[in-house]
Amino acid sequence: MTKRNPRALWAGRHLLACSIVAGSLLAADSLAIHQSASHTPSLGGNARCGRRRFPTIDASGRAHVPASAALLASPQSQASTVNEVLDAKAHDRDASVEHASLSSAKHLEASSIEEEEISIWPRMDALDKRMMKIALPCIANFAINPLIGAVDLFWVNRMGNALAVAGQAAANQVFSSAFWVVSVLPSVTATLVSKANASGKQEDLQDAVSQALIVGFAISLVGSALMLRFPDKILSSVLKEGAPALQYARPYLFIRSFAFLPSLISLIGFSAFRGTLDTSTPLKISATSNIFNAILDPILMFTLSMGVTGAALATLGAELISAITFTAFMFRRKMIRWSKLLRFPTWSKLKPLLEGGAALQLRNVALNLTFLAVARVTQSLDDTGVAAAAHALAIQTFQIGGVVLLALSVVAQTVVPNELIEKVDASTGKRHGGKQAAKNVVNRLMSWGFVLGIGLGSLQLLLLPMLQKSSPLEDVRKAAVVPSILASVYQIMNGLVFIGEGVMVGCGNFLQLSISTVVATIAALIALNTLPALFGLTGVWMSFGVFNICRLAGVWYHQTRGPLAQTT
C-alpha cells in the first residue's frame with residue numbers, strides 16, 4: 001500500500017466532503033425545482049404543500065394568472081387551473097355570469113387535460129399505491145436472480161472441489177457478459193410497448209414485441225454459435241490458457257450456450273408485460289422456473305452424479321420453462337402473432353428499436369468500462385487479496401438498498417411513457433395523462449428516491465456490524481469499514497440517479513442518457529487514476545462518488561432542460 005502523507009490526507013478529506021456536499025446540493029436543487037412548481041399559496045391565501053396558485057376572477061368573469069405561476073406552470077396545467085377556478089366561482093355568480101363562466105369552462109374542458117393537484121412528497125395516496133403495485137413485484141424479481149445464483153453456488157460448493165467452483169463461476173461470467181450485448185433490447189421494448197399500450201394501439205404493441213424477438217433471435221444465434229465454436233478463446237477472457245478449471249468450465253459453457261435464446265425470450269417477455277404495467281405475471285413465471293432450477297440442481301448433480309454439467313442442465317431447463325411460459329402468455333394476451341413473427345419488419349418499424357438500442361449500448365459500454373476499471377484498480381492495490389475481499393464486502397452492503405432503488409428505476413421506465421399519452425376515460429369522458437401528468441409522476445418518484453435513499457442508507461449503516469461478521473479476516477473487516485460507510489451515504493444520491501435515469505429511458509432520451517454516462521465514466525476514470533494511490537480502497541469508493549455525482553448532474557439537466565421541464 002502507498003504511504004499516506006498529511007497533505008494527501010487533508011486533500012482527501014476535503015475532496016470527500018466536497019463530493020458529498022456537491023451531491024447534496026444537486027439533490028436539493030432538483031427537489032427545489034419540483035417544489036417551486038407546486039408549493040404556492042392556494043386560492044384562500046394559505047400556503048399548502050403541492051398546491052398551485054389559482055388565478056383570480058375579475059368582475060367581468062375573466063381569469064388572471066399571477067406572473068410567477070404562469071412562468072412555472074405548463075400550458076396544459078395553466079388551462080386546467082383556469083378551468084377549475086371557473087367551475088369553483090360559478091356557484092357564487094348571478095345567472096348571467098354563471099352561464100358565461102360555465103360556457104367558458106366547457107370550452108376549456110374540451111381543449112385541456114384535467115389533472116388532480118398532487119403533492120411531490122409521498123402521501124400513500126392513489127398514486128403511491130399504484131406505483132407500489134408495480135414496484136413490489138419488480139423488487140422481488142430483482143432479488144430472485146441473486147438468490148438463485150446463491151443456490152447454484154451452494155450446490156456446486158457441496159461438491160467439495162474448488163476447481164469446479166472456479167470453472168462454473170468463470171463460464172457463468174462469460175455467458176453473462178455475452179448476454180449483456182442484447183441487454184439493451186428490453187429497455188427500449190418496454191418504452192415502445194408502454195406508449196402503444198397507453199394509446200390503445202394493439203398493432204403497434206405487437207410490432208414492438210415481435211421486432212424485439214426477431215432482432216434478439218438473430219443476435220442469439222450468433223452468440224450461441226460463437227460460444228459453441230470457440231469456447232476456449234471465449235473462456236480465455238477470464239481463465240488463463242491451460243488453467244485446471246477449464247475442465248469444468250467447458251462443459252458448463254457448452255450447455256449454457258443453448259440457453260441464449262430462451263433467456264432472451266424471457267427477458268423480452270418481462271419487458272413486454274412491464275410495458276403494460278403488469279409486473280406480477282413475470283414474477284410468478286420467474287419464481288416458478290427458478291424453483292424448478294433449485295429442485296433439479298441436487299438431483300442432477302448428486303443423484304445422477306452429473307456434477308457441474310448437471311448444474312448447467314438444471315439452469316437450461318429453468319430457462320426453457322420460463323421462455324415457453326412467457327411465449328404462451330404473450331400469445332394469450334395478444335402481444336404477438338405468428339404473422340408478425342414470421343415476417344421480417346420494414347426499416348421504418350425497426351428504426352426506433354435499433355436507434356434506441358444503439359444509443360443505450362453506448363451507455364452499457366461506458367458502465368462496463370467503469371466497473372472493469374474499478375475491478376482492475378482494486379485487484380492492483382495489494383497482492384494479498386485483502387483489498388478485493390473488502391471491496392466485495394462493501395458491494396454486498398450496497399446491494400441491500402440497491403435492489404430497491406434499481407426496481408424503482410424500472411418503474412420509472414414503465415410509468416412515465418404511459419403517463420405521457422393523453423387518454424380519455426370511457427366512463428366519464430374526461431381526458432387525462434399528458435406532460436403534466438407525467439411530470440406529477442416524476443416528481444413523486446424522485447421524492448420517493450430521495451426518501452428511500454436516506455432510509456436505505458441509514459439501514460445499511462445499522463446493519464454494518466452484522467455484515468462485517470460475514471468475513472472471518474480482521475484485515476478485511478477493517479479495510480471494508482470506510483468503503484461500506486461511503487456505500488451507505490451514496491444511496492442518497494443513488495435514489496435520485498437511478499430513478500432519474502429511468503425517467504430518461506421512459507421519455508425515450510436514450511442518447512442523452514448515454515452521453516451523460518460517458519461523461520461520468522471519463523470523470524470516474526480520472527478519479528481512479530489519482531485517488532486510490534492516495535487513499536487505497538477508500539479512494540476507489542471516492543471515485544464511485546465522483547461517478548454518481550456526474551450522473552446526478554445529468555439527471556438534473558434532463559429534468560430542468562428536458563421534455564418534462566416547465567415551459568412558459
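All figures in this text were calculated on a predicted structure; none of them were measured in a lab.

**Observations concerning the overall build of the protein chain**
- Within the protein chain, the regular secondary structure consists of 22 helices and four strands.
- Out of the 568 residues belonging to the protein chain, those deemed buried represent 49%.
- Sequence separation of 24 or more characterises 79% of the internal contacts of the protein chain that already satisfy a separation of 6 or more.

**Focus: the packing of aromatic side chains**
- A full pass over the atoms with the stated rule returns six aromatic pairs.
- Their ring planes at 50° and their centres at 6.1 Å tell us that Phe273 and Phe326 sit as a pair that is tilted. Highlighted residues: Phe273 in helix 11 (residues 260-275) and Phe326 in helix 13 (residues 308-332), separated in sequence by 53 residues.
- Phe273 gets classed as buried once you look at its relative accessible area, which sits at 0%.
- A residue is classified by how much of its surface remains accessible, and Phe326, at 3% relative accessible area, is buried.
- Centre to centre, the rings of Trp541 and Phe544 are 5.0 Å apart; their planes meet at 55°, and the pair counts as tilted. Linking Trp541 with Phe544, this pair stays in helix 22 (residues 537-561), spanning three residues, or about one helical turn. The pair Trp541 / Phe544 is uniform in exposure class, with both members buried.
- Directly above the aromatic system of Phe175 lies the positively charged group of Arg256, at a separation of 4.1 Å from the ring centroid.
- Over the ring of Phe329 we find Arg332; its NZ or CZ atom is 5.0 Å from the centre of that ring.

**Quick notes on the confidence of the model for the protein chain**
- Of all residues in the protein chain, 76% attain a pLDDT of 70 or more, and the chain-wide mean is 76.
- Counting interchain partners and residues more than four positions distant, the pLDDT-below-50 stretch residues 1-11 has 10 contacts.
- When the criterion is pLDDT under 50, residues 14-115 qualifies, and its contacts beyond four places in sequence or with other chains add up to 161 contacts.

**Focus: helix 12 (residues 280-303)**
- The terminal C-alpha atoms of helix 12, which comprises 24 residues, lie 34 Å apart, in line with the 34 Å expected from a rise of 1.5 Å per residue.
- Remark: the principal bend of helix 12, roughly 30°, maps to Leu296, with a proline, Pro298, within the next four residues.
- Among the residues making up helix 12, those that are buried are Thr281, Pro282, Ile285, Ser286, Ser289, Asn290, Asn293, Leu296, Asp297, Pro298, Leu300 and Met301.
- A positive phi of about 55° marks Ser305, the residue just after helix 12.

**Structural notes on the environment of Gly495**
- Mapped onto the elements of the fold, Gly495 is located in helix 19 (residues 491-507).
- Residue Gly495 is classed as buried on the basis of its relative accessible area of 0%.
- With 41 residues separating them in the primary sequence, Gly495 and Ile454 have C-alpha atoms 8.5 Å apart.
- The residues contacting Gly495, other than those within four sequence positions of it, are Leu405 and Gly449.

**Observations regarding unusual backbone geometry**
- A positive phi angle, near 55°, is found at Met124, a position not held by glycine.
- Position of Met124 relative to the elements: it lies in the loop between helix 4 (95-111) and helix 5 (126-157).
- For Met124, a relative accessible area of 42% translates into the label partly exposed.
- Backbone geometry at Leu277 places phi at a positive 65°, although glycine is not the residue there.
- Positionally, Leu277 belongs in the loop between helix 11 and helix 12.
- A relative accessible area of 29% means that Leu277 is categorised as partly exposed.

Parameters at a glance
- Every residue gets a number counted from 1 within its own chain, in the order that chain's sequence is written.
- Only residues with pLDDT of at least 70 are given local features in this predicted model, and only at 80 or more are side-chain atom pairs given and counted; all residues enter the totals for whole chains, interfaces and linings.
- Hydrogens are left out, water is left out, and the side-chain values use all remaining heavy atoms of the structure.
- The helix count covers DSSP runs of H or I at least four residues long, the strand count covers runs of E at least two residues long, and both are numbered beginning at the N terminus.
- Only protein chains enter the area calculation, which uses a 1.4 Å probe; residues under 20% of their type maximum are buried, those over 50% are exposed, and those in between are partly exposed.
- Two residues qualify as a contact provided that any one of their heavy atoms is within 4.5 Å of a heavy atom in the partner residue.
- When the centres of two rings from Phe, Tyr and Trp lie within 6.5 Å, Trp using its six-membered ring, the rings pair. Their planes under 30 degrees apart give stacked, over 60 give edge-to-face, and anything left gives tilted.
- A ring is scored as having a charge over it whenever the NZ atom of a lysine or the CZ atom of an arginine sits within 6 Å of its centre and within 35 degrees of its normal.
- Scored from 0 to 100, pLDDT reflects the predictor's confidence in each residue.
- Multiply 1.5 Å by the residue count of a helix minus one, and that product is the helix's expected span.
- Working definition for bend: take the seven residues up to and ending at a residue and the seven starting at it, fit an axis to each, and measure the angle between the axes.

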